[in-house]
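Listed here are the chains, written in short residue letters.
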Amino acid sequence: MNEGFILSNAWLIPAIPLISFFLVGMFIRPASKQAAGLVATSAVFLSAACAYMLAWEYYQAFAPEYQSIVPWSIEWLRYQEFLSVSVGVLVDPTSILLMVVVTTVSSLVHLYSIGYMHGEEGYGRYFTYLNLFTFSMLGLVVAPNIMQMFVCWELVGASSFLLIGYYYDKPSAVSASKKAFIVTRFADLGFLLGILILGYFGYHVYGVLSDSSTSVLAEMNQYSSTAIQPFDFKFLNHPAVIAQFADQGSLLGGISMLTLAMVLIFAGAAGKSAMFPLHIWLPDAMEGPTPVSALIHAATMVVAGVYLVARLFPVYAASGSALLIVAYIGAFTCLFAAVIGCTQDDIKRVLAFSTLSQLGYMMLSLGVATMAHPLGYTASLFHLFTHAFFKALLFLGAGSVIHAVHSNEIWDMGGLKRKMPVTHITFLIATIAIAGIPPFAGFFSKDEILAAALGNHHQIIFGIGLLVAGLTPFYMFRIYFVTFWGPHRTEGAEHAHESPPVMLLPLAILAVLAVIAGFVPMASFVHIGEPLGHHGINWAIAIPAILVALTGIGVAWFLYAGNQDRVSKLVQNLGVVYRVIKDKFYIDEVYLFITHNFIFKYISRPIAWFDRNVVDGSMNLTGWATRMSGWILSHMQTGQVQTYAAWYALSTIVVFGLLAVTLQ
Amino acid sequence: MGILSWIVYIPFITAVFVVFTPAPKWYLIRWISTVGTGIHLILTAVLTWKYWQVASPDFSSMKTATLTKLYLVERFPWFESWGIDYYLGVDGISVSMIILTSIVIFTGVMASWHVKNRTKEFYVLLLVLVTGVFGVFVSFDIFLFFVFYELAVLPMYLLIGIWGTGPKEYSAMKLTIMLMAGSALILIGFLALYNGAGGQTFDLLELSKVDYPKSFQIWVFPLIFVGFGILGALYPFHTWSPDGHASAPTAVSMLHAGVLMKLGGYGALRMGIYVLPEGAKYWALFFMALTTINIIYGAFGAVMQKDLKYFTAYSSVSHCGFVLFGLVTLNLIGMKGAVIQMFSHGIMTALFFSLIGMVYGRTHTRIIDDMGGLAKIMPWFTTCFYVGGLASLGLPGLSGFVAESHVFLAGFFGNPWHDLGIMRFLTILATMSIVVTAVYVLRGLAKVFQGPIKNPEFAKLTDADITERISTGVLVFTMAAVGMLPWYLIDLIESSLMPFVNRLH
Amino acid sequence: MVELLSNNPPGIWHWLILSTILFSIGLYGVLIRKSAVGVLMSAELMLNAAVLNFVVFNHFVKPFTIDGELMGIFIIAVAAAEAVVAMAIFVAIFKHKKSIDITHIETMKG
């Protein structure tokens, strides 16, 4: 094995942004804002370069058997013997894919932000947070064990929280950041419990294996710099371990321990990837600066849930029912979000719902895969890859537009086609890519997902996928037409200017990627189980999908490209249905009701009251009783010597009487 | 005098220096205290180094030990006829607690830089109190332990009663009486241990060799556990804590929540579980249920608080619940988690109280709803508050996560003597607190620091000055260091915890 | 008890019962009398019961010594001194309060 420099020092990739975070946050930011932006950006570019180098070296060294290796790791937390957590770097095709995506998008977003955030008050703070996020995301991606993943999972959550709440004097941003953190935290509770279950059984299986079949452990220890531990993905995903897992007992109603653990972990994944019903934080998260939405809430952090399920895919596959839940939740979210997306007027919110919908695609694709027919696995990660580019591009384009018009409402825009030519072209490319029109990137990955769903006989899910393939172009072209075509609707649109080159360059690069990313032969790089071979386009599925997409575009053109009367008529005809969809099915209100009217009102406030009055009251009562009894006894103190003497005499008689009785 | 005696008496010697400083020279007094505690901090580093030198060769052999091994022992007969010795020694747990206390008192002295009322008496009492705390952590004669314990608890009455705010006399009285009730239980327990062992010795290690009958252990253990538990805010004996903390002056809240409450956990571990393993096994599930209530109840209680100090006090109740919860899981992971949580919560809550004191010194209000938008005016405090808040909700990379992950895992792994299902059920209940904690921390901090500036008066306020930056900076640094490099702390305490676990088997 | 007394020749029991009766009357007086002088007189009765006991025990238990008699004389002397002090106090109280009803003396009340 001929390891290159980066391959043996893969820790550099997450470490560079971390070092930059500390440097920028502590020393550079107070000194100079401009320097902070530059240092932060160049650090991420450096990290991206390392990631490309790593990919190159890895594919050179390990072709065609793509082993997963842990070139660097150290023990971090030792719970007890044979149960410790190491911090390390796992290198396999999946993590390399994610590293490339994260560093690429992150570096472009850093670059873009130099222009976008120019003149903002917290410029240095912004880049500090952005660096922190990049570090945490990379740490998550390279995690060799589930605990490191959880650690970085929480850290990306925290940096997302900080960035959503970046405009901290704006109450809506503050509440959005709280909401994002608390909802994902709630989901992480499931994740944590799942980890506890897996850790417990993993520890026992580890004990069994180290007694009976040490060769299995030795095999796992290959390509690893520290000894394998129960929390390691390599351990958990090993067939021998999974077989042992399946033997663990079942709970009430016949749910096996394994299924329970995997469903709980999926709850965590669903929180981060904003699956229904935990999706409510993502649209609100658009309160953050637009580049942040592009990086965190479109391209990278939100796919962490997908990545988590993919990482544990063999375990999920062993528990078929958990995987089925993944598939159906994914499919439902996919449709649900697309429907809402058709009615929103805030350009970033439409993109947010579109992200939800695309994440649903990725989840359902994982859900339909099996170990025997793992096309869905590859398709999911392929879609993750292409989606990262075109969705980041869409957000950055939207950011460019917002920057020019100073409004998020699509109805405040219009006619920007000529005012902002570069933004327009790149936005159009991204829109076509997400719509799934060949030869742009989205087409290839979506085709694979649909093929995977049909290939494993999930007709319903395939149907949903196909339907959404039509809805997506509709709502995307809706915002495209309203924003870029037609008349200038407001003064802002009238006076819009093209953004500076530092913002346009990332748009251009991403546009190129959105065009060509589909041609990457993903199946030969990323797969689980046996290599898939080259998977061509399945035209029997592709042609209907293209037709559906074209229909969607056509409808959008018919309704929004010209006269607006058609829309208002349609809206009137839909009436209540439209209202319900536009208000996002009132899910937020339900949550609000539960938290405020139930948890705060019926749990928290009573507990606070109970503590002050009952528990503390009983303590005060003890004190009061002591004083009272003292007060009562003080009445025996009459001051009459004769009373005292009487008591004395009586007591003496009693004592002697008792003595007499006992002595007999 | 060996290093341990110096560790105990340096605060006392500093206090003597302060006594002989003329009262009007308050600036001199605080410098003397700062220098004294600074020297103590250095000495603590030396102690840690020395401990590491002498103890690390034994780490592997401790894995099967059932008796605590002491290092740097100092021992002289004190009351020979009763078997009372002046007996000091340390193991890893003591060392970690000494580090904690030393950091907290140093930052506490700096945080009380602006105490102008009877400065001299304030510092004298503070230093005497901390002498007691150090004494507790190093004494291995239970009589001496008790003497130091009382020395640590009593000055609190004066400190809160004189320098406090709000209903300070009530709070001071309540706190002292409840803690005294705890002391009474402890004293009964200690005397029972002494008598049960034949009335020959107060030496903790000798007592731990005695094979107390199970029936004896069953009635003595709850005395000792509850006695210490009152100090460790065990439900339902925690009610002194919100009032006491809310009324106490800054440094006293820091020291009390940061260190004194740890005496509870420390004592319960050292005197309860170590000496009376059978009793611990008998009562563990019961106390586990109580501590689960602590965790959940404290967290929910904090959600609705309006005063920042009450808010922090309830969160302390919740976090101290983790300490006791970890202890009564009766396995290595849990006890380790408990000790780490003691350390982590000590630093965290000291940070919180010092920040609240500093912010209060500027805004003159602690009511959460009256504040708002302070982030713009006080970026340093905001950053520190957020780091503390994130640590408190268990964000990885800060100390809280290390402790909490241990405790959860321990509850889930259970122990051979109790029903795994019940333990897991309680653990799952306890894990729920991470969500509630996130809710109250984020709500509270958002109201105080974010949003538009609520009161135009606030715009004139200033950010932290240099002493405040040092004291909060040290605490934030410690918290991050434990969170990112937890293995140093784990190595320090792990081998010392092995006898505790081995004795149970 | 009557049998015990009537069936036996006069001896220690008779004397002891006499002194018990004397003591009880005294105790009763001390607890009941309102007048300070009455209390003092009753106390004298109790002292005399004690003196009687000393003399009786001396006579019946160790007939050839005089320890008991000595004690008796000693007590009489002390009682006389005590009566003087007490009377002086009563006079002082009377001057102050115009009464020596001890139920009105309650400065020790809690």
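Quantities reported herein were computed from a predicted structural model and do not represent experimental measurements. (Residues numbered from 1 in each chain as written. Chains lettered and ligands numbered in written order. Predicted model: local features only at pLDDT ≥ 70, side-chain atom pairs only at ≥ 80, totals over all residues.)

### Remarks on the overall build of chain A
Using the following cut-off: Elements are defined by DSSP. Helices are runs of H or I of four residues or more, strands are runs of E of two residues or more, and each kind is numbered from the N terminus. Residues are called buried when their C-beta atom has 20 or more other C-beta atoms within 10 Å, exposed when it has 12 or fewer, and partly exposed otherwise; all C-beta atoms are positioned from the backbone.
Of the regular secondary structure elements, chain A holds 30 helices and 2 strands. Structurally, chain A occupies a C-alpha span of about 115 × 70 × 55 Å along its principal axes. In chain A, which comprises 664 residues, the share counted as buried stands at 56%.

### Some words on the overall build of chain C
What counts is decided by this rule: Radius of gyration here is computed from C-alpha atoms only, and the compact-globule reference equals 2.2 Å multiplied by the residue count raised to the power 0.38. Once C-beta atoms are placed from the backbone, any two residues with those atoms within 7 Å are in contact.
The secondary structure content of chain C amounts to 4 helices and 0 strands. Walking chain C from its N terminus toward its C terminus, one meets helices and strands in the order α-α-α-α. For chain C, whose C-alpha radius of gyration is 18 Å, the value lies well above the compact-globule estimate of 13 Å for 110 residues. Along the first, second and third principal axes, the C-alpha set of chain C runs to 55 × 30 × 25 Å. Within chain C, buried positions represent 11% of all 110 residues. Taking as baseline every contact in chain C between residues at least 6 positions apart, the subset at least 24 positions apart corresponds to 45%.

### Digging into the nonpolar core
Condition: We define a nonpolar core as a collection of buried residues of the types Ala, Val, Leu, Ile, Met, Phe, Trp, Tyr and Cys that are connected via C-beta atoms lying within 7 Å of each other.
With 444 residues, the main nonpolar core has Leu54(A), Val309(A), Val326(A), Ala392(A), Leu393(A) and Ala514(A) as its most contacted residues. Not counting the four nearest positions on each side in its chain, Val309(A) is found in contact with Phe266(A), Ala269(A), Tyr316(A), Val326(A) and Leu366(A). Ranked by size, the runner-up nonpolar core spans 5 residues in total, among them Val30(C), Val39(C), Leu40(C) and Met46(C).

### A word on the confidence of the model for chain C
Counted only if it meets this: In predicted models, pLDDT denotes the confidence assigned by the predictor to each residue on a 0 to 100 scale.
Here chain C shows a mean pLDDT of 87. Residues at 70 or above account for 96%. Two summary scores accompany this predicted model of the complex, namely pTM at 0.86 and ipTM at 0.89.

### Some details on the arrangement of the chains
Inter-chain contacts occur across 2 pairs of chains; the most extensive set of contacts lies between chains A and B. Note that chain B does not reach chain C: the shortest distance linking a C-alpha of one to a C-alpha of the other is 24 Å.

### A look at the pairing of strand β2 (residues 84–90) of chain B
Side-chain direction in a regular strand flips from residue to residue, so the side chains alternate between the two faces of the sheet. All names here are of chain B. Here is the rule: Between any two strands, pairing holds if DSSP finds at least two bridges.
Counting buried positions over the 7 residues of β2 gives 5, a clear majority of the element. Bridge count for strand β1 (residues 71–79) against β2 is 6 bridges, and the pairing is antiparallel. When the bridges of β2 are listed, Glu74 appears paired with Leu88. Count of turn residues in the β1/β2 antiparallel hairpin: 4 residues, of which Gly83 carries a positive phi of about 75°.

### So, the interface of chain A and chain C
Applied cut-off: Think of it as three bins: nonpolar holds Ala, Val, Leu, Ile, Met, Phe, Trp, Tyr, Cys and Pro, charged holds Asp, Glu, Lys and Arg, and polar takes everything else, Gly as well.
Facing the 10 residues of chain A at the interface are 10 residues of chain C. With 5 residues, helix α30 (residues 641–663) of chain A is the largest single contributor of residues to the side of chain A that touches chain C. The class makeup of the residues in the side of chain A that touches chain C is 4 nonpolar, 6 polar and no charged.

### Regarding the interface of chain B and chain A
Contacts between the two partners involve 41 residues from chain B and, on the opposite side, 37 residues from chain A. Secondary structure elements with two or more residues in the side of chain B that touches chain A: α7 (168–196), α12 (277–303), α14 (332–363), α15 (374–377), α17 (399–413), α18 (420–449) and α20 (486–504) of chain B. Element by element, the count of residues in the side of chain B that touches chain A is highest for α18(B), at 10 residues.

### A word on the packing of helix α7 (residues 171–212) of chain A against α17(B)
Any two packed helices are characterised by the angle at which their axes cross and by the distance between the axes. Filter applied, for reference: To get an axis, fit a line to the C-alpha atoms, keeping to the stretch in contact for a helix; angles then go from 0 to 180 degrees between the N-to-C directions. With respect to orientation, any angle under 35 degrees is reported as roughly parallel, any angle over 145 as roughly antiparallel, any angle of 65 to 115 as roughly perpendicular, and every other angle as oblique. Note on convention: near helix rotated counterclockwise from far helix by under a right angle means a left-handed crossing. Clockwise means right-handed.
Between α7(A) and α17(B), the least distance of the axes is 10 Å, while the angle of their chain directions is 55°. With respect to their mutual orientation, α7(A) and α17(B) come out oblique. The chirality of how α7(A) crosses α17(B) is right-handed. Contacts between α7(A) and α17(B) involve Leu192(A), Leu196(A), Gly199(A) and Tyr200(A) on the former and, on the latter, Phe408(B), Leu409(B), Phe412(B) and Phe413(B).

### Thoughts on unusual backbone geometry
A cis geometry characterises the amide bond from Phe276(A) onward to Pro277(A), with omega recorded as 0°. With respect to the helices and strands, Pro277(A) occurs in the loop between α11 (257–272) and α12 (281–284). Here Tyr235(B) and Pro236(B) are connected by a cis peptide whose omega angle stands at 0°. Here Pro236(B) lies in the loop between α9 (214–231) and α10 (240–247). Here Ala233(B), not a glycine, exhibits a phi torsion of approximately 60°, which is positive. By the secondary structure assignment, Ala233(B) is in the loop between α9 and α10. Taking the C-beta count within 10 Å as the criterion, Ala233(B) has 29 such neighbours and is therefore assigned buried.

### Re the environment of Trp219(B)
All names here are of chain B. Following the sequence through the fold, Trp219 ends up in helix α9. Classification of Trp219 as partly exposed rests on a count of 13 C-beta atoms within 10 Å. Between the C-alpha atoms of Trp219 and Tyr297, which are 78 residues apart in sequence, the distance is 27 Å.

### Description of α7(B)
The cut-off we apply is this: By this rule, a helix spans an expected 1.5 Å times one less than how many residues it contains.
Between its terminal C-alpha atoms α7(B) stretches 41 Å, which fits the 42 Å expected from 29 residues at 1.5 Å a residue. Where α7(B) ends, the next residue or the one after it, Gly198(B), has phi of about 100°, a positive value.

### Remarks on the environment of Leu466(A)
Residues and elements named next belong to chain A. Inspection of the secondary structure puts Leu466 in helix α22 (residues 459–484). Between the C-alpha atom of Leu466 and that of Pro606, which follows or precedes it by 140 residues, the distance is 50 Å. Leave out the neighbours within four places in its chain, and Leu466 touches Leu450, Pro544, Ala545 and Val548.

### Brief notes about α22(A)
For α22(A), with 26 residues, the first-to-last C-alpha span of 38 Å sits near the 38 Å given by 1.5 Å per residue. Phi turns positive, to about 70°, at Gly486(A), one or two residues after α22(A).

### Concerning the packing of helix α3 (residues 92–111) of chain B against helix α19 (residues 466–484) of chain B
All names here are of chain B. For the pair α3 and α19, interaxial distance at closest approach is 8 Å and the crossing angle is 155°. Compared by their axis directions, α3 and α19 come out roughly antiparallel. Relative to α19, α3 is oriented so that their crossing is left-handed. The residues of α19 that touch α3, namely those facing Ile103, Thr107, Met110 and Ala111, are Thr467, Ile470, Ser471, Val474, Leu475 and Thr478.

### Re the environment of Asp284(A)
Within the fold, Asp284(A) resides in helix α12. Apart from the residues lying within four places of it in its own chain, the contact partners of Asp284(A) are Ala176(A), Lys179(A) and Ala180(A).

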